Amino acid sequence: MIDLASLIPCGISGSQRLTVVHELTVQATVPDLPAVYSTPNMILFMEIVCTDLIRPYLPEGWVSVGALVDVRHLAATPVGFTVTARATVVELTKSLVVFEVEAHDGIETIGRGRHARAPIELNRFQAGCLRKQDKAR
């Protein structure tokens, strides 16, 4: 087990931007729904921002996996808008990094909530997945 509080500074934040294209809309999956940025894609983008924020602080051979998502999608964003997602580390527990996340489309806040990631040793994690696959056979 690693000591997250000694590796990752509480309070760090980062952001990224993306342009909403049709493939990121709910209509791309469900044709009779509107062509607006989908909730799963917004949450995925928030997760990516969180992942990239803490990646440089993790030991070699370690990555982080999602452990909790508590996000509200507050407003629709049409194709062509630029979304900025921001993540801030607000808590470090024994096994989790907790973030406050927010997304904005240049007009208004479109999403807000919390997300937690669990840093894991990649080789150990993959070995566990292989053991699980073997049990399923």
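Everything here concerns the structure above.
Everything quoted here is computed from the prediction, not taken from an experiment.

**Focus: the side chain of Arg117**
Point 1. If you trace the backbone, Arg117 turns up in strand β5 (residues 109-121).
Point 2. A polar side-chain atom of Arg117 sits 3.1 Å from a polar atom in the side chain of Thr51.
Point 3. If near-sequence neighbours (up to four positions away) are discounted, Arg117 is found in contact with Glu47, Cys50, Thr51, Ser64, Val65, Gly66, Ala67, Ser95, Leu96, Val97 and Phe99.

**Some points on the environment of Gly106**
Point 1. Among the structural elements, Gly106 can be located in the loop between β4 (97-104) and β5.
Point 2. When the C-alpha atoms of Gly106 and Phe81 are compared, they prove to be 7.6 Å apart, with 25 residues separating the residues in sequence.

**Some points on the pattern of salt bridges**
Point 1. Across all of its chains, the model carries six salt bridges by this definition.
Point 2. Each of Glu91, Glu100 and Arg114 takes part in one network of salt bridges that share partners.

**Quick look at the side chain of Thr77**
Point 1. Within the element layout of this structure, Thr77 appears in the loop between β2 (62-73) and β3 (82-92).
Point 2. Look at Thr77 and you get buried, because its relative accessible area is 0%.
Point 3. Side-chain polar atoms of Thr77 contact the side chain of Asp105, separated by 3.1 Å.
Point 4. Residues in contact with Thr77, not counting those within four places in the same chain, are Val20, Val36, Tyr37, Val83, Asp105 and Ile110.

**Points about helix α2 (residues 39-54)**
Point 1. Between its first and last C-alpha, α2 extends 23 Å over 16 residues, near the 22 Å set by a 1.5 Å rise per residue.
Point 2. Elements in contact with the buried residues of α2: β1 (13-19), β2, β3, β4 and β5.

**Some thoughts on the nonpolar core**
Point 1. If you look at the biggest cluster of nonpolar residues, it comprises 28 residues, and the most contacted ones within it are Ile8, Tyr37, Val83, Val89 and Phe99.
Point 2. Of all the elements in the fold, those that place two or more residues in this core are α2, β3 and β4.
Point 3. Of the residues forming this core, the biggest block, eight residues, is contributed by α2.
Point 4. Here Val89 is in contact with Ile8, Pro9, Cys10, Gly11, Ile12, Leu53, Ile54, Val97, Val98 and Phe99, once residues within four sequence places are set aside.

**Overview of the sheet that holds β5**
Point 1. As summarised here, the arrangement of the five strands in space is β1-β3-β4-β5-β2, forming an open sheet in which the pairing is antiparallel. A strand with exactly one partner marks an edge of an open sheet, and here the two such strands are β1 and β2. Shown here is a sheet whose adjacent strand axes are inclined to one another by a mean of 25°, direction ignored.
Point 2. Taken together, the eleven bridges between β2 and β5 define a ladder with antiparallel strand orientation. Note on β5: the bridge partner recorded for Leu68 is Ala116.
Point 3. Across the sheet, α2 is in contact with β1, β2, β3, β4 and β5; its angle to β2 comes to roughly 140°.
Point 4. Against the sheet, helix α3 (residues 122-136) makes contact with β2 and β5, and its axis sits at roughly 90° relative to β5, the strand it touches most.

What counts and how
Residues numbered from 1 in each chain as written. Predicted model: local features only at pLDDT ≥ 70, side-chain atom pairs only at ≥ 80, totals over all residues. Heavy atoms only, no water. Helix = DSSP H or I, 4+ residues; strand = E, 2+ residues; numbered from the N terminus. Polar contact = N/O pair within 3.5 Å; in protein donor to acceptor, adjacent residues only side chain to side chain. Contact = heavy atoms within 4.5 Å. Salt bridge = Lys/Arg side-chain N within 4 Å of Asp/Glu carboxyl O. Buried < 20%, exposed > 50% of the residue type's maximum accessible area, 1.4 Å probe, protein only. Expected span 1.5 Å × (residues − 1). Core = buried A, V, L, I, M, F, W, Y, C linked by side-chain atoms within 4.5 Å. Pairing = 2+ DSSP bridges. Axes fitted to C-alpha atoms, helices over the stretch in contact; angles between N-to-C directions.

Worth remembering: the numbers are spatial, not functional.
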